[in-house]
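# Commentary on secondary and tertiary structure
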Amino acid sequence: MSSLPYELSARVQSVAGIDPELRPATKPQFGHFQSNVALRLAKSEGQPPRAVAQRIVAALEVDDLCEPLEIAGPGFINFRLRADVLARAVTDQLAEPAAGVQRTETPQTVVIDYSAPNVAKQMHVGHLRSSIIGDCLRRVLLALGHRVIAQNHVGDWGTQFGMLVEQILEDGIDASTLTLVDAEALYLRANAHFKGDEDFAARARARVVRLQSGDEETRTIWRQLIEISEAGFNAAYARLNVLLTDDDLAGESTYNDDLPNVVADLEASGTAVVDDGALVVFVEGFNAPMIVRKRDGGFGYAATDLAAVRRRVGQFHANRLIYVVGAPQSFHFDQVFAVARKAGFLPADVPAQHVAFGQVLGPDGKKFSTREGTAVNLMTLLDAAEEQAAPPIALAAIKYADLSNGLNKDYVFDVDRMVQTTGNTGPYLQYAHARLAQVLRRAESEGLVVEEKIAVLDEPAEQALALLLTRFGEVVADVADTLQPHRLCGYLYDVAGALSVFYEQCPVLKSDGEVRASRLALCTLTKKVLADGLDMLGIEALDRM
Ligand code: ARG
């Protein structure tokens, strides 16, 4: 079932021949929607706009949906949905378990690559954003009935492990006893040591070779570093209330054994060539080739990602690949996708999408960093928000601030603003939900049965709310298509806004009979839409605040 506005728009289009671009009416007296389609057609039809409008109105069969149509001003067509039709639509929606979100008839296997922090380092704001955005997309796709395979492409491999292991051995540390915070301190120490001490640097490089060749002692320490890091990540995920678990882990090292096969494929197809001792792929439109294997024989970040694409398509049978990673990696992903297509790892009918996001800026509008100049870590942000509000509210504030902006935009981390219960914030939506819960609780305590039927829907404020609610399913489907969570945020914010107008103009508990029953049922549906929508954003819908 498509929503009423959608159905109406399709019928007008079939008569007018072009998209009627139905716009919400600016004033209640203009009905619910207006279209300027007649004005746009007038020229090509060589007729005055009002005449075109008259022709369209005469040919349109929408009596089952609308009150008699009106032509206004220079030739606008005004549409007013019939109250009984609207009432039936929201009553039906209330009876649906998913409140109008339709499960897809063509479920896909979608791989979402998100979070992906690096071993021996705390998660920073970039990983926070990736975790929050990726988790939202995961929840949206799941709600629509897709099969989602989350892949946490943790940075657990690379030359940095040479210096880490070497430093651990030198200091005589038992790596299994470290916390993630200790590991990060160790990382900084090892890095400084590497830069300042030639001998140490040479040993660290030799250590990388031992790690790669599978040396027992080296691998044991490496594994311990991974374990303590993952424990730290899991603590962060629990605090963030994201869906990620150990089942989703597929770090860079997952692909080690497969890299020689990837290379063999690339060479056999002639995709990769040896250039100055390195194995590279040239793709049109890129100013630099992709380096698959360095001159020293080591594989880089790009090789791992090629192997990952190959596995996700070949073994997981993915129909769609999504990568939630910061905007600075756009070139990397464009190139990985192009090379993967060229190599035949990524068929033309499998889209690969980089959901790139901007930076989190400090209150001064500059790159968010600590006084020491290092990236702010995620725990610090959560702590800061929790100084202002209880944990579920603080978390809602952070997640909503992150999701409600266009992803590509940088946004300012302004704790004071984002914990407000007014304005376009997460806590405001939680508050709207809690207030509905309170109304329904009170109805129950007054012995009122909340019926499942919306029979009366006469007031403009309740019609406006009902009309918005009917759009829920479309908005969720749109987020799955466009991968733009801010559209769901904007929608829920509109719902909360329409709800407050409704409260102002339509008494609920103080009304009577069928009107009260209908309004209570409308409250139930609004609460359900807010709760499910917030859940898709990864935000807890609270019953009390
Ligand atoms: N670990 C990387 C980083 O912190 C992000 C990895 C993203 N995923 C991928 N498949 N490359 O920058």
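Residues numbered from 1 in each chain as written. Predicted model: local features only at pLDDT ≥ 70, side-chain atom pairs only at ≥ 80, totals over all residues.

### Section: the overall build of the chain
When helices and strands are counted, the chain shows 20 helices and 13 strands. In terms of principal-axis extent, the alpha carbons of the chain reach across some 85 × 60 × 40 Å. Counting across all 545 residues of the chain, residues that qualify as buried make up 43%. Within the chain, counting contacts between residues at least 6 apart in sequence, those at least 24 apart form 73% of the total. (Helix = DSSP H or I, 4+ residues; strand = E, 2+ residues; numbered from the N terminus. Buried ≥ 20, exposed ≤ 12 C-beta atoms within 10 Å, placed from the backbone. Contact = placed C-beta atoms within 7 Å.)

### Quick word on the UniProt feature "domain: DALR anticodon binding" (unreviewed entry) in the chain
In the UniProt entry, the feature "domain: DALR anticodon binding" (unreviewed entry) is given for residues 429–545. The span residues 429–545 is 71% helix and 0% strand, and its two end C-alpha atoms sit 11 Å from each other. (UniProt positions renumbered as here; feature names shortened; annotations may be inferred.)

### With respect to the sheet that holds strand 1 (residues 23–24)
The strand order across the open sheet formed by four strands is 1-2-4-3, and the pairing between neighbours is antiparallel. At either margin of the open sheet sits one strand with a lone partner, and together these are strand 1 and strand 3 (70–72). Two strands pair when backbone bridges link them, and strand 1 and strand 2 (residues 33–35) are joined in this way by two bridges, in the antiparallel orientation. From the neighbouring strand, Pro24 faces strand 2, where its bridge partner is Phe33. (Pairing = 2+ DSSP bridges.)

### Brief notes about the site of the ligand
Lining the immediate surroundings of the ligand are Asp113, Ala116, Asn118, His153, Gly155, Asp305, Ala308, Tyr323 and Val325. Within the residue set of the shell around the ligand, elements represented by two or more residues are helix 11 (301–314) and strand 10 (320–326). When the residues that make up the shell around the ligand are grouped by side-chain class, the tally is four nonpolar, three polar and two charged. (Near = placed C-beta within 6 Å. Nonpolar A, V, L, I, M, F, W, Y, C, P; charged D, E, K, R; others polar.)

### Section: the packing of helix 4 (residues 83–95) against helix 20 (residues 513–537)
One can describe the packing of helix 4 onto helix 20 by two numbers: an axis separation of 10 Å at closest approach and a directional angle of 55 degrees. The orientation of helix 4 relative to helix 20 falls into the category oblique. Where helix 4 crosses over helix 20, the handedness of that crossing is left-handed. Residue-level contacts link Val90, Gln93 and Leu94 of helix 4 to Ala521, Leu522, Thr524 and Leu525 of helix 20. Of the residues that constitute the contact of helix 4 with helix 20, the class distribution is five nonpolar, two polar and no charged. (Axes fitted to C-alpha atoms, helices over the stretch in contact; angles between N-to-C directions. Parallel < 35°, antiparallel > 145°, perpendicular 65-115°, else oblique. Left-handed = near helix turned anticlockwise from the far one by under 90°.)

### Quick word on the domain arrangement of the chain
With domains assigned, the chain is organised as domain 1 (4–81), domain 2 (360–418) and domain 3 (426–537). Computed over C-alpha atoms only, the centres of domain 1 and domain 3 are separated by 28 Å. When grouped by side-chain class, the residues that make up the side of domain 1 that touches domain 3 number five nonpolar, one polar and no charged. (Domains from an automatic or database assignment.)

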